[in-house]
Every structure is written in C-alpha cells, then in structure tokens.
Amino acid sequence: MEQTVRQALAEDIGHGDLTTAALVPPGLQAVGVVVAREAGHVCGHEVARLAFELVSPAVRYEALVEEGGAVEAGAAVARVTGPAWALLTAERTALNFLQRMSGITTATRRLAEGIRYYKAKLVATRKTAPGLRLLDKYAVQVGGGASHRLGLYDAVVIKAQHVAIAGGVREAILAARRHLGPLSARLGIEVQDRAALEEALGAGADVILLHNFDPEELKQAVEFVAGRAVLEATGRVTPENLEDIARSGVDYIAVDALTLSPRALDLSLDLVSTGEATGEAEA
C-alpha cells in the first residue's frame, strides 16, 4: 500500500507544492475536517492517513467514522491536525483514495442490501484501476462483497479463448489439471450455454461462470448442478436485474461496475482553524 500512495503523491507533488510554498507560512498549524457532502459509507481511512503522514510525520489523522460506517450529508468523517502546508499538500491525494474507496464501498453496500435475503454474494472482478486492485477489492469487501481472484496467479479461470486453443471445454479442464498437478488452486471455467455447462461439470470444474445466462437459465443451471460446483453469474448484471439473478440460487454474482467505473463519494477537506507559526520548517 505504501508504494501505491507514494506513487500517487509523486504524481501530484513532483518536486513540491508551488502554491502552498508561496502562500502558507512554514510553521503555521491547522486543523482540518473531512466532510461528507452526500450520504454514503466510508472506506479508506488508513490509506488517507498514510498519504498525510508521508508528506509530514507531524500530521495526525483521526477517523471519526468507523471503516465501512454510514454517514449522512454534512457529517464529519475525519479530523486532520498538523502543519497547514502538509494538510494542503496531501489533501488531494488523500481525498482521491478516500473518495474512490468510499464510493466503491457505498455502491457495494447498496447492491448487497438489495439481495441480503439470498445466498448470492457480490464479487468484484479484475476490472480495476491499474495499480489500485488491492484497494479496490478491499473496498468491495468492506461494502459486504467478496474479492474473487486477485490476479492471474491465484486461480485458474478458463475463458473462451483458452477453450478455443485447447480444443474444447473438457480438453481445457484436463490440460489445466495436468499442469496444476498437486497445487490446490481452484479451477474455474466460463461457459455460455447449457451444453458447455454439462461438459464443464462432467470434467470436474470447481467453479463454473455462467456468462450472459438470463435469470431463468441460471435457475435451471442451479437445479442441474445441485451443489456439485460453485456457480457464478457473470455478464449483463445491472441493479435492475440483480435480485432476479440472486433469486436463481447462484453462489456468486460478478459485478464489473463496482470497480470498473465507480462513482466517487463526495468528500472535502475544510480547514476549521489555524494557529500561530511555531517556526517549524517545511519538510
């Protein structure tokens, strides 16, 4: 996480903050409050804290809402105290993380609440912002979802291109099993019709991704598989059809939009007080 935050700060600060250096006395102290401009759920306190502290260890970040906690518009989310120059210099990077992660958590919580009476769990896919996958997936988990695989390295998921190269569904699964040998990684495969589903189940897939199945087709797939493999609905998932998909009985529902195009939660940093200069030099 620290490397990610350092890279984000480097993008913004470069060799310094020209405006703050010109206008803010080096020793001036300040207190700032992160305020929610709309209702939602907060996520990313530790990342925001790190952004401020990497700019100046003298900054103190106090979370006023627990991680994943709900806030109404106008609520105070966190209090930041320290050198005014550091608060202003770190502000945008800290808020970029906090707003994005809170937006993902808010969207996940909203969708998860809509299917809370079903067993299906929302999962994020690999469609994340480059360099932010761990943070994006963490925000989904805070919102009540699951992470799915983190990357290409921790699970086998056979897609249509792999099937085409291997010569078929069964051939792809058997080849992957041979390659894995004694490794315990789960083996999943994406299928797009009932025939491929039957072939995948017969070949021993652990997880079967039902791609672009409509709710009735999903229900029939759940009845046919009868618990012999984990079933995940993928493709064409929207807030409008989410409950119908969950009602089918699948185990997981992949929602690309959670991390592919999240809407940031509107947060801002307001300076509520400043104190006399103490003589501290800008770091």
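Note that the coordinates shown come from a computational prediction; the quantities given were computed from them, not determined experimentally. (Residues numbered from 1 in each chain as written. Predicted model: local features only at pLDDT ≥ 70, side-chain atom pairs only at ≥ 80, totals over all residues. Heavy atoms only, no water.)

Trainee: Please explain the overall build of the chain as it appears in this structure.
Mentor: Along the backbone of the chain there are 11 helices and 12 strands. Overall, the chain is about 75 × 40 × 25 Å in size when its C-alpha atoms are taken along their principal axes. Buried positions account for 47% of the 283 residues belonging to the chain. For the chain, the distance from the average site of its 28 positive side-chain charges to the average site of its 36 negative ones is 6 Å. (Helix = DSSP H or I, 4+ residues; strand = E, 2+ residues; numbered from the N terminus. Buried < 20%, exposed > 50% of the residue type's maximum accessible area, 1.4 Å probe, protein only. Lys, Arg positive; Asp, Glu negative; His and termini not counted. Charge placed at Lys NZ, Arg CZ, Asp CG, Glu CD.)

Trainee: For this particular structure, what's the right way to read the sheet that holds strand E7 (residues 156–158)?
Mentor: Remark on secondary structure: sheet strands pair via backbone hydrogen bonds, oriented parallel or antiparallel. Across the sheet, which stays open at both edges, the 6 strands sit in the order E6-E11-E10-E9-E8-E7 with parallel pairing between neighbours. Of all strands in the sheet, those with a lone pairing partner are strand E6 (121–123) and E7, marking the two edges. Neighbour to neighbour, the strand axes of the sheet diverge by 25° on average, direction disregarded. Pairing geometry for E7 and strand E8 (residues 187–191), over 3 bridges, is parallel. The partner of Val157 across the bridge, within E8, is Gly188. Of the strands in this sheet, E7 and E8 are in contact with helix H7 (residues 169–180), which crosses E8 at around 160°. (Pairing = 2+ DSSP bridges. Axes fitted to C-alpha atoms, helices over the stretch in contact; angles between N-to-C directions. Contact = heavy atoms within 4.5 Å.)

Trainee: Can you walk me through the confidence of the model for the chain in this structure?
Mentor: Should pLDDT be low for a region, the predicted coordinates there are not to be read in detail. Within the chain, residue pLDDT values average 93, and 96% of them lie at 70 or more. Counting contacts from residues 279–283, a segment whose pLDDT is below 50, to residues more than four positions away or on other chains yields 12 contacts. (pLDDT = per-residue confidence, 0-100.)

Trainee: What is the right way to look at the sheet that holds strand E5 (residues 76–83) in this model?
Mentor: Strands sit in the order E3-E5-E1-E12 across an open sheet of 4 strands; the sheet is antiparallel. One side of each edge strand has no neighbouring strand; the edge strands of this open sheet are strand E3 (60–63) and strand E12 (267–274). Strand after strand, the sheet turns through a mean of 20° between neighbouring axes, direction not considered. Strand direction decides the pairing type here: strand E1 (residues 29–36) and E12, joined by 7 bridges, are antiparallel.

Trainee: What is the right way to read the pattern of salt bridges from this model?
Mentor: Two side chains bearing opposite charge may form a pair once their charged atoms approach each other closely. Tallied over the full model, the rule gives 13 salt bridges. The residue Asp270 makes a salt bridge to Arg37 at a minimum N-O spacing of 2.8 Å. Taken together, the residues span a long stretch of sequence, with Asp270 in strand E12 and Arg37 in the loop between E1 and strand E2 (40–41) at a distance of 233 residues. The exposure class assigned to Asp270 is partly exposed, which follows from its relative accessible area of 28%. (Salt bridge = Lys/Arg side-chain N within 4 Å of Asp/Glu carboxyl O.)

Trainee: What exactly am I supposed to notice about unusual backbone geometry here?
Mentor: Note on backbone geometry: most residues besides glycine have negative phi, and most peptide bonds are trans. Backbone geometry places Ala226, a non-glycine residue, at a positive phi of 50°. Following the sequence through the fold, Ala226 ends up in the loop between helix H9 (215–225) and strand E10 (230–234). For Arg236, which is not glycine, the phi torsion reads 60° and is therefore positive. Take Arg236: it is sitting in the loop between E10 and helix H10 (242–247).

Trainee: For this particular structure, what's the right way to read helix H3 (residues 45–55)?
Mentor: Because each turn of an α-helix spans 3.6 residues, side chains separated by three or four positions end up pointing in the same direction. The element H3 is extensively covered by neighbouring structure, given that 8 of its 11 residues are classed as buried. Looking at the buried residues of H3, the elements they touch are helix H1 (2–13), E3, E5, helix H4 (84–114), helix H5 (133–142) and E12.

Trainee: How should the pairing of E10 be read in this particular structure?
Mentor: Consecutive side chains of a regular strand alternate in pointing toward one face of the sheet and then the other. In terms of burial, E10 is largely enclosed, as 5 of its 5 residues are buried. Residue alternation in E10 divides its side chains into two sets, Val230, Glu232 and Thr234 and Leu231 and Ala233, and both sets are buried. Pairing of strand E9 (residues 207–211) with E10, which is carried by 5 bridges, proceeds in the parallel orientation. Bridge assignment links Ile208 to a residue of E10, and that residue is Leu231. With H9 bridging E9 and the parallel E10, this β-α-β connection has right-handed handedness. Pairing analysis gives 2 bridges linking E10 to strand E11 (residues 252–254), with the strands arranged parallel. Residue Ala233 lies in a different strand from E11, and its bridge partner there is Ile253. For the crossover that starts at E10, traverses H10 and ends in the parallel E11, the hand is right-handed. (Right-handed = clockwise from strand over helix to strand, strands pointing away.)

Trainee: Which parts of the structure should I look at to understand the nonpolar core?
Mentor: Ile173, Ile189, Val191, Ile208, Leu210 and Ile253 are the most contacted members of the largest nonpolar core, which has 82 residues in total. If one sorts the elements of this core by residue count, H4 sits on top with 13 residues. Setting aside chain neighbours within four positions, we find Ile173 in contact with Ile158, Leu187, Ile189, Ala200, Ala203 and Ala205. (Core = buried A, V, L, I, M, F, W, Y, C linked by side-chain atoms within 4.5 Å.)

Trainee: Help me understand the environment of Val71, please; the structure alone is not making it clear to me.
Mentor: Along the chain, Val71 turns up in strand E4 (residues 70–71). With 200 residues separating them in the primary sequence, Val71 and Leu271 have C-alpha atoms 20 Å apart. Contact partners of Val71, with chain neighbours within four places excluded, come to Ala36, Glu38, Ala39, Gly40, Val42, Val65 and Val77.

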